[in-house]
Amino acid sequence: MLVLGTSAALLALGSGGVLLRRNPVAMLMSVELMLNAGNLLFVLAARVRGVVDGQAAALIVLVVAAAEAVVGLGLALALFRDRSRVDVDDPAEVRG
Amino acid sequence: MSGVLLWAWALTLPGLVLTGLGVGRRPGSASLAGPGVLLVVAVTWLLGSRTAAELRQVDWLPFLPDGAFHLRGDALAAVMLAVLGFVSLCVYVYSLAYMADEPPAGQRRFFMYLDFFVASMAILVLAGNLAVLLIGWAGVGLASFLLISFWLDRPGTLGAGLQALAANAVGDAALLVAIVLVPAGCGDLLTLQTPACLAVPGGARLTASLLLVAAAAKSAQGPLYFWLPSAMAGPTPISALIHAATMVAAGVYLLVRTNALLAAAPPVAVATAALGVATALGGGLASLQQANFKRGLAYSTVSQLGYMFAGVGFGAPFAAIFHLVTHASFKALLFLSAGVVIHARDGEEELAALGGLRRALPGAYAAFLVGSLALVGLPGLSGALSKDAILDAGEQANLLLAVCLFGGTFLTGLYIGRLFFGVFHGPRPDEQPIHHPSPLLLWPLVPLAVGAVVAGYLEWPAGLLSSALGETAGHAEPVRFASPFGFFAGLLGVFGFALSGWRGREQAAEPVRVGTDAGWVGAVARRGYGLADRLAAIHSGRLGRYALASVFGIAIILLIGLRA
Amino acid sequence: MSVPPALLSVAILVVGAMVILTLTSRLTRDSTALGTIGMLTLVVAALPSVAGDPLSQIALFSILGAAAIAMLLVPSAELHVTTQRPEVAALVLLGSAGAVVLATAGDLLSAALGLETLSLSAAVLIGLGRGERPLEAAFKYFVLSAITFAALIYGLGLIFLATGSFAWPSLAQVEAAYHWVLLAGVMLFGLGVSYELAVVPLHWGALDVYTAGAPALAGYVMAASKVAAVLALGRLVVGAGAPPPAVLIGIGLLSIVWGTLGALAQRELRRMLAYSAVANAGFLALALGCGAEGRAAAVFYVEIYALTALLVFAALAGRGPGPLGLADVPSEEWGATRALGLALGLLSLAGIPPAPGFWAKLAVLAAAWHAAGWGPTVVAAVGGVAGVLYYLRPLPDVFAAVRADGGGPGPRFPAPAVLLAGAAVVFLGLVPGLAYAIARLAIG
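Counting of residues starts from 1 at the beginning of each chain's written sequence and follows it residue by residue. Going through the entries in the order they are written, you letter the chains from A and number the ligands from 1. Residues qualify for local features only when their pLDDT is at least 70, as the model is predicted, and side-chain atom pairs are given and counted only at 80 or more; totals for whole chains, interfaces and linings, by contrast, use all residues. Side-chain numbers come from the whole structure's heavy atoms, not from hydrogens or water.

Asker: Give me the overall build of chain C: which residues, what numbers.
Answerer: Secondary structure follows DSSP: runs of H or I at least 4 residues long count as helices, runs of E at least 2 residues long count as strands, and numbering of each begins at the N terminus. Each helix and strand counted, chain C has 19 helices and zero strands in total. In summary, chain C has a C-alpha radius of gyration of 20 Å against a globular reference of 22 Å for 444 residues, a match within 12%. Along the longest, intermediate and shortest principal axes, the C-alpha atoms of chain C span 70 × 50 × 40 Å. Residues classed as buried in chain C amount to 69% of the 444 residues present. Contacts between residues were defined by any pair of non-hydrogen atoms, one from each residue, lying within 4.5 Å. Long-range contacts, defined as pairs at least 24 residues apart, comprise 79% of the intrachain contacts of chain C with a sequence gap of at least 6. Residue exposure ignores everything except the shown protein chains as possible cover, and the areas themselves are Shrake-Rupley values with a 1.4 Å probe. Of the accessible surface of chain C, which amounts to about 12200 Å², a share of 69% is contributed by carbon and sulfur atoms. Counting rule for charge: Lys and Arg are taken as positive, Asp and Glu as negative, and neither His nor the chain ends is counted. Taken as the charge centre is NZ of Lys, CZ of Arg, CG of Asp or CD of Glu, depending on the residue. In chain C, the 19 positive side-chain charges and the 19 negative ones have mean positions that sit 4 Å from each other. The size measure is the radius of gyration over C-alpha atoms, and the globule rule it meets is 2.2 Å times the number of residues to the 0.38 power. Note on classification: 1.4 Å probe, protein chains only; a residue is buried when its accessible area is under 20% of the maximum for its type, exposed when over 50%, partly exposed between these limits.

Asker: Outline the overall build of chain A, supporting the account with residue identities and numerical values.
Answerer: Helix and strand content of chain A: three helices and zero strands. Seen in sequence order, chain A has helices and strands lined up from the N terminus as α-α-α. A compact globule built from 96 residues should have a C-alpha radius of gyration of about 12 Å, whereas chain A, at 16 Å, is more than 25% larger. Principal axes of the C-alpha set define a box for chain A whose edges measure 50 × 25 × 25 Å. A total of 96 residues make up chain A; the buried ones form 45% of that total. Taking the intrachain contacts of chain A between residues at least 6 apart in sequence as the baseline, contacts between residues at least 24 apart amount to 52%. Approximately 4800 Å² of chain A is accessible, and the part contributed by carbon and sulfur atoms is 67%. Computed over 8 positive and 8 negative side-chain charges, the separation of the two mean positions in chain A equals 5 Å.

Asker: Describe in detail the interface of chain A and chain B, supporting the description with residues and values.
Answerer: If you look at the interface, chain A gives 12 residues, while chain B gives 12 residues. When two parts are brought into contact, each loses some accessible area as probed by a 1.4 Å sphere; the total of that loss over both is the buried area. A combined buried area of about 840 Å² lies between chain A and chain B, and 69% of that area is made up of carbon and sulfur atoms. When residues of chain A are sorted by the area they lose upon contact with chain B, A:L19, A:D89 and A:G96 head the list and together hold 53% of the total. Salt bridge, as applied in this entry: a Lys or Arg side-chain nitrogen positioned within 4 Å of an Asp or Glu carboxyl oxygen. Across the contact surface, chain A and chain B share zero salt bridges. Residues adjacent in sequence count toward polar contacts only when both atoms are side-chain atoms; beyond that, a polar contact is any pair of N or O atoms within 3.5 Å, and within protein one must be able to donate a hydrogen and the other to accept it. One can count three residue pairs in polar contact (both at pLDDT 80 or more) joining chain A with chain B. Ranked by residue count, the leading element in the side of chain A that touches chain B is helix α1 (residues 2-20) of chain A, at three residues. Counted by class, the side of chain A that touches chain B contains seven nonpolar, two polar and three charged residues. Each residue gets one of three labels, nonpolar for Ala, Val, Leu, Ile, Met, Phe, Trp, Tyr, Cys and Pro, charged for Asp, Glu, Lys and Arg, and polar for the others, Gly among them.

Asker: Any details on the pattern of salt bridges? Residues and values, ideally.
Answerer: Enumeration over the complete set of coordinates arrives at 15 salt bridges over all chains. Between C:D208 and C:K140 there is a salt bridge, with its nearest N and O atoms 3.1 Å apart. Taken together, the residues C:D208 in helix α9 (residues 204-212) and C:K140 in helix α7 (residues 132-163) connect sequence positions 68 residues apart. Here C:D208 and C:K140 have matching classes, each one buried. Residues C:E332 and C:R319 are paired through a salt bridge, measuring 2.6 Å at the closest nitrogen-oxygen approach. Of this pair, C:E332 sits in the loop between α13 (291-316) and α14 (336-350) while C:R319 is found in the loop between α13 and α14, placing the two residues 13 residues apart along the sequence. In this structure, a network of salt bridges that share partners links the residues B:E54, B:R56, B:R72 and B:D188.

Asker: Describe the pairing of strand β2 (residues 69-73) of chain B, naming the residues involved and giving the relevant values.
Answerer: Residue and element names in this part refer to chain B. Along β2, five of the five residues are buried, which leaves the element largely enclosed by surrounding structure. Along β2, one buried face is formed by F69, L71 and G73 and the opposite face, lined by H70 and R72, is buried too. If DSSP finds at least two bridges between two strands, the strands pair. Bridge count for strand β1 (residues 53-57) against β2 is five bridges, and the pairing is antiparallel. Residue pairing for β2: L55 is matched across the bridge by L71.

Asker: Tell me what's going on with the packing of α1(A) against helix α24 (residues 543-563) of chain B, and back it up with residues and numbers.
Answerer: Axis definition: a line fitted to C-alpha atoms, over the contacting stretch in the case of helices. Angles run 0 to 180 degrees between N-to-C directions. Two numbers describe how α1(A) lies on α24(B): the axes approach to 9 Å, and their chain directions differ by 155°. Classified by the angle between their axes, α1(A) and α24(B) sit roughly antiparallel to one another. Considering only the axes of α1(A) and α24(B), their crossing is left-handed. Note on element contacts: α24(B) touches α1(A) through B:A547, B:L548, B:V551 and B:F552, opposite A:S15, A:V18 and A:L19. Split into classes, the residues belonging to the contact of α1(A) with α24(B) amount to six nonpolar, one polar and no charged. Orientation is classified from the angle alone, with under 35 degrees giving roughly parallel, over 145 giving roughly antiparallel, 65 to 115 giving roughly perpendicular, and any other angle giving oblique. Crossings are sorted by hand: turned counterclockwise from the far helix by less than a right angle, the near helix makes the crossing left-handed, and turned clockwise it makes it right-handed.

Asker: Give a detailed account of the state of the cysteines, specifying residues and quantitative values.
Answerer: Note: disulfide means a covalent bond formed between the sulfur atoms of two cysteine side chains. All names here are of chain B. Throughout, a disulfide means two cysteine sulfur atoms within 2.5 Å of one another. Counted by the stated rule, this structure contains one disulfide over all chains. Across the disulfide, C186 is cross-linked to C197 (sulfur-sulfur distance 1.9 Å). One quick way to see it: the torsion about the S-S bond of C186 and C197 is about -90°, and its sign makes the bridge left-handed. Of this pair, C186 sits in the loop between α7 (157-181) and α8 (203-218) while C197 sits in the loop between α7 and α8; the two residues are 11 residues apart in sequence, bridging distant segments of the chain. The class for C186 is buried, based on a relative accessible area of 3%.

Asker: Residue-level account of the interface of chain B and chain C, with values.
Answerer: Counting residues at the interface gives 51 residues for chain B, matched by 64 residues for chain C. At the boundary of chain B and chain C, one finds zero salt bridges. Summed over the shared surface of chain B and chain C, the result is five residue pairs in polar contact (both at pLDDT 80 or more).

Asker: Tell me about the side chain of B:N168, and please be specific about residues and values.
Answerer: Checked against the element boundaries, B:N168 lands in helix α7. Those residues in contact with B:N168, other than ones at most four positions away along the chain, are B:G141 and B:K218.

Asker: Tell me about the confidence of the model for chain A, and please be specific about residues and values.
Answerer: Confidence of the predictor at the level of single residues is captured by pLDDT, which takes values from 0 to 100. Confidence in the prediction for chain A averages 92 pLDDT; 100% of positions are at 70 or higher. Least confident of the elements in chain A is α1(A), whose mean pLDDT is 91; most confident is helix α3 (residues 53-80) of chain A, at 94.

Asker: Could you give an account of the environment of B:D188, with specific residues and numbers?
Answerer: Residue and element names in this part refer to chain B. Secondary-structure assignment places D188 in the loop between α7 and α8. Here D188 falls in the buried class, since its relative accessible area comes to 9%. Sequence-wise, D188 and L262 are 74 residues apart; in three dimensions their C-alpha atoms are separated by 15 Å. Residue contacts for D188: discarding those within four places in its chain leaves R56, D66, H70, R72, G128 and N129. Among the polar contacts made by the side chain of D188, one reaches the side chain of R72 at a distance of 2.9 Å. Of note is the side chain of D188, whose polar atom sits 2.9 Å from the backbone nitrogen of L190.

Asker: Could you give an account of the side chain of C:S56, naming the residues involved and the relevant values?
Answerer: When you line up the elements, C:S56 lands in helix α4 (residues 54-73). Excluding residues within four positions of it along the chain, C:S56 makes contact with C:A6 and C:T104.

Asker: Break down unusual backbone geometry for me, citing the residues and quoting the values.
Answerer: Cis geometry is found at the peptide bond from C:V200 to C:P201, where omega equals 5°. For the bond from C:P353 to C:P354, the omega torsion is 5°, close enough to zero to count as cis. As for its position among the elements, C:P354 is in the loop between α14 and α15 (356-372). One non-glycine residue with positive phi stands out, namely B:R50, at about 55°. Along the polypeptide, B:R50 turns up in the loop between α3 (33-47) and β1. Overall, B:R50 belongs to the partly exposed group, its relative accessible area being 37%.

Quick look at the structure:
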């Protein structure tokens, strides 16, 4: 239960950050937090279940998160390069 | 010969390709052979040994209860094909002249649509099961849409086409549900009423009701009538072929084809009859209120299709088919002669601007008179005999409804008389020039007029049609025309017609009320589009909102799933 | 030890992408060589399917087929920097590798990796498009996919906690106390995969990508991600107990209604197609929730839908990235091949038989009737037929634009892609039984 509680709290914290932050970089950081909630669950579940697969999975997810961050920052940079205000709600040309 | 009948649907496809490739001195002339051969094939089959043929490629659509590619060429199909070939041949020839002012590319497109329509309609009547029926069913709907909105630069044509699509969609949905809900192995149009095929929760009533909804949508019955008057936005030859003679009768055809199912569900049969009678009367009243020539005729079609529905509902599928055949002749004749008038007046369709054209357009005048008299049922003409058959059946099945229908013949006389005298008699309202019709416009009226006069004698007195159709249109006995009911109905119609003439042109041309079209359709459409606009506006483009919606969406779905 | 065929294909795809990326400077100038290498890679990658099981066969055929059409479209894609065509081709190969992994993975962790590879490639592909709109769409798509991916990873953690392994889960093998953990995990994982399907309420990003991405690339993203997601979800729900199918039916119906209404409101062709993609995703989700018959119908549906969508997008490729208002359709330069391709695609999407899109809808309806009963069947039937009201709207204009006397499309028009996709659509329409039989074998 403690396992679930801690990781779920971390997940909620991350989601809260995604929803509240307007800065794209801060938003991406919050997503990383959500991913780490999953990682925590992997590692702790690996101990509960007594198999090491969980630890391995956590490492893999870390790598994936890094790749994701690179792509995300690249896209954010390209999109916000020419904008004076950095707010994720601003680019809203595609709508309706 | 019977094998050829099965493939009759393919006969117009070469014409479609050739016309598309630009073959022929006159655009569309390459398409002419298709309907001609179709007529010859159907008539030869009917005059010949009449051996029914079937083609069944099982498991074509393995996911359906009956997914065979199943064609059936029998007497009912042949009669329908003969009507289709006859009317479409006349309309093709007529269209060569009627559409001559279009640019060549437009003319080619017009004839390609027509070819596609005829092919789809032929598949529809040759279908052996529901799955194949749907191919034709959707195909004719598509052709109708394309042809209604053929003149895209005119205002309202696309809207009229979309109305037709919307009404058709209601029927298509009912048909789709019917196709998937029948038990495995069912779907053959002739065996839907067997006990094995009725083993669904609603039984015969459910299946029959779904087919009734589909038929009513296609044939503009009851509340689903609204699209047919709007469909008059299309070129007049289309109104004659698709929206009077053939496609709109497909609903009647479907009910006749599955008449055994309807017989197994008596309440639905009564509902069919009541729907038909109500539409027959409502359509007649609505026609009296039209300010537009073609719309007046369109409501007449709605009304006459009501007679056919009533016939099916009375348990007399043969009478319905008989009326379908005669109606195809005289209604196509009425529309094509109306087209001559409209063509001569450069597209003018308002009754207030038409009048006194009797001397200027004698051919159209005579043709319209013959069509009108056949429609009202002047004893001896085709409409009299077929309407008589329906009224006879109603007298035995449901006297109350039959009496209502009997009264409807008076309305028929009134409205067609109003159109006839309004357009051809009285003084000319203005001195606009009149283009004299080319012979190509007038010649097709001749065979149709002959048909309007003599089509009734296919049945009376020798019973040729009923013996040809045999089992395929119920247990058709030769119609006796014994009761005085039908005869008086004809006289009542003629009386109404004469009354219109006596009231004179001025009164007749004056619409009682303008804009009678279903207000509820507009209201529903506005509501629907308003809702759609609001829903689209939710997509604000803001990432923050989207993230919020995604996170909460996931959370809510998770909670619902875990509680379940 | 024998290598699974799908894995071999993935390796070939990645190698092909690496080769293209290595030779970038040379291939920038030589588009023929680029196309040859790309196609060659796809053909070689398809070869292992000979030895594969039905699942990997169908995954390889449909995903690599979509990639092949996309490869034909690469020269006509509107890019921000036109020298980046090799990167685009490489990303198509990498995305396909991800899609194949997602569809055929032996365990859930690999599937998650495949999904991430696919969605990262997709985001970058779209982001490379010309103009501000593709970039904006790509960024939104990326952020939302990252959020759902995090939920998916958390779900994977829950599944791992419940079962102690990353194998495709089965409720029957889990002790009762952990049932709800597994259930929550499966649902989170499934929702993460559903993002690729673009069902409501996870459709926001995909909607913008389908609207604003360069047509050549948006069509590929749509096709590859939907095919892979359907196969993965089909395998996920098999052992997951009753609630996930019910949830799928629910979000499927919601998506059908939502997408249909949204499409009706549109006055722009691309946006209309995007909303209709949501409605079609609804059909897929509905089918996936309807038992074995439904899963087969879903695979059948997605094969046909992906192909048809590719046809439509191919017909729109090369005309420029901007919006195409429905009122502007007549003034567009069409040409016969393009107009007929678009018309065929629209007819199939609208469900006019014998175009295959109609058979697909019928298959889903039949499955829904048996597994879900009255309500869902009627809603789906009405939603399905209502499609004619928006799909067919531009059709008269498109037909009217077919002129024998010129008015042809621009030089970048990808006729081979349109012809290939069009031929496949016609074939599927006339012989639907074959594709359905394969679909049944793939996911029972």
